[in-house]
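Letter by letter, the chains look like this.
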Amino acid sequence: MQSLNKLCTPEEKLDALLKKYAELLEERRGEQKQLRFLQKKQGHMGKERDQLQYEHSRAILAHSKLEGLCKELQRHNKTLKEETLARCREDEEKRREITTHFQSTLTDIQAQIEQHSNRNNKLCSENTNLADKLKHIISQYEQREESLEKIFKHHDLQQKLSDTKLEQANAQLQEAEEKHKREKEYLLREAIDKTKKCYTLKEQELQLKKKLALYSQKFEEFQTTLSKSNDVYASFKNEMEKMTKKMKKLDKESNVWKTRFESTNKALSEMIEERTVKENEYEMFVVKIDKLERLCRALQDERKILYSKIKGIRQTPDATEGTPKDETQEVATEPSP
């Protein structure tokens, strides 16, 4: 208003208004470019979010496969336990049968004790050796079962931690997407309202230009007919006062638009700051996903080591078989895998 009041003629005032209006148009175009750029960035973020969801689904599939493998290992361990218990029971029954038969036949074999004393000593030594081997194998099997249970518990804890972290990351992503959608809708609405108001201002400007042309024509006619009538001069003066009032109203509206434009610039700056924060969060999510992939690889390596240990356990019974083919040796042989 002060800059317009400094000007003398209404034409200079209109020129100043046109310059300011042109500046506002250029700023609005710059804002539209920024909006397009932000929309492109939003599409890129959506694609990255889809990729993260796909990787998350792959991690879930790997988790399910690992659970299946763990269940198979547990079943195999149960079957091994049952087989070892059954073999131990069979060995005990056979030993009991041998002892009962030995006691029943003591009376008949007293004459042959001296002949077969060496043979009995050999059999006793073989039985003690086989019993010691069985005890050693059972202790090794129990130690391996304890180590396997500890490994499975550690794996379950790590999997639960990874699941909770993934759920937190998905919730944060959903909240950020909802905020971004709300802010985008609000900005689009404001842009539509501003475009409508700009069109209305353009129409008002055209109408004012037409009125100014008419007033200039009337002013020329007034100068020609000034000596004839004072009434026409009074009416022209009233119309000029009305024009000044309208110009004041337009100045007020332009100030209001300036304030709104500044508020939109502040909102855009806040959007840019939030976008930077989201990019930092996305980088944190990428780091977490890399850590999860490393954990999965470590679990796969542990699974391979367990498979190798199981194969070694299966191969040990073949190595523990004896050379003689007596009845006691047949009783103490280990089952083939």
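Just so you know, these numbers come straight off a predicted model, no measurement behind them.

Check the secondary structure of the protein chain and you find six helices and zero strands. When the 337 residues of the protein chain are sorted by exposure, 17% land in the buried category. Put simply, of all contacts in the protein chain between residues at least 6 apart along the chain, 85% involve residues at least 24 apart.

This brings us to the environment of Glu-274. Counting through the fold element by element, Glu-274 comes out in helix H5 (residues 230–319). Distance in space between the C-alpha atoms of Glu-274 and His-180 is 9.1 Å, their sequence separation being 94 residues.

Before going further, it helps to examine the pattern of salt bridges. Per the counting criterion, the structure on display carries one salt bridge. Of the charged contacts in the structure, one is a salt bridge between Glu-279 and Arg-275, with a shortest N-O distance of 2.9 Å. Note that Glu-279 and Arg-275 are positioned in helix H5 at a spacing of four residues, about one turn of the helix. For Arg-275, a relative accessible area of 22% gives the class partly exposed.

With that settled, the discussion passes to the packing of aromatic side chains. Overall, the coordinates contain zero aromatic pairs when judged by the stated rule. One residue, Arg-260, lies across the ring of Trp-257, its end atom 5.3 Å from the ring centre.

Within the secondary structure, Glu-31 sits in helix H2 (residues 10–104). Taking relative accessible area as the criterion, Glu-31 reaches 12% and is therefore assigned buried. With near-sequence residues (within four places) excluded, Glu-31 lies in contact with Phe-261, Thr-264, Asn-265 and Leu-268.

Okay, a negative patch on the surface next. Where like charges cluster on the molecular surface, the negative patch consists of Glu-90, Glu-92, Glu-93 and Glu-97. On the secondary structure map, Glu-90 appears in helix H2.

A word on the confidence of the model for the protein chain. The predicted model of the protein chain averages 78 in pLDDT, with 85% of residues at 70 or higher. Confidence, read as mean pLDDT per element, is least for helix H6 (residues 327–332) in the protein chain (37) and greatest for H2 (87).

Parameters at a glance
Residues numbered from 1 in each chain as written. Predicted model: local features only at pLDDT ≥ 70, side-chain atom pairs only at ≥ 80, totals over all residues. Heavy atoms only, no water. Helix = DSSP H or I, 4+ residues; strand = E, 2+ residues; numbered from the N terminus. Buried < 20%, exposed > 50% of the residue type's maximum accessible area, 1.4 Å probe, protein only. Contact = heavy atoms within 4.5 Å. Salt bridge = Lys/Arg side-chain N within 4 Å of Asp/Glu carboxyl O. Phe/Tyr/Trp six-rings, centres within 6.5 Å; stacked < 30°, edge-to-face > 60°. Lys NZ or Arg CZ within 6 Å of the ring centre and 35° of its normal. Patch = residues over 30% accessible without salt bridge, like charges linked within 9 Å, V, L, I, M, F, W, Y side chains within 5 Å. Areas by Shrake-Rupley, 256 points an atom, 1.4 Å probe, with all protein chains shown as cover. Lys, Arg positive; Asp, Glu negative; His and termini not counted. Charge placed at Lys NZ, Arg CZ, Asp CG, Glu CD. pLDDT = per-residue confidence, 0-100.

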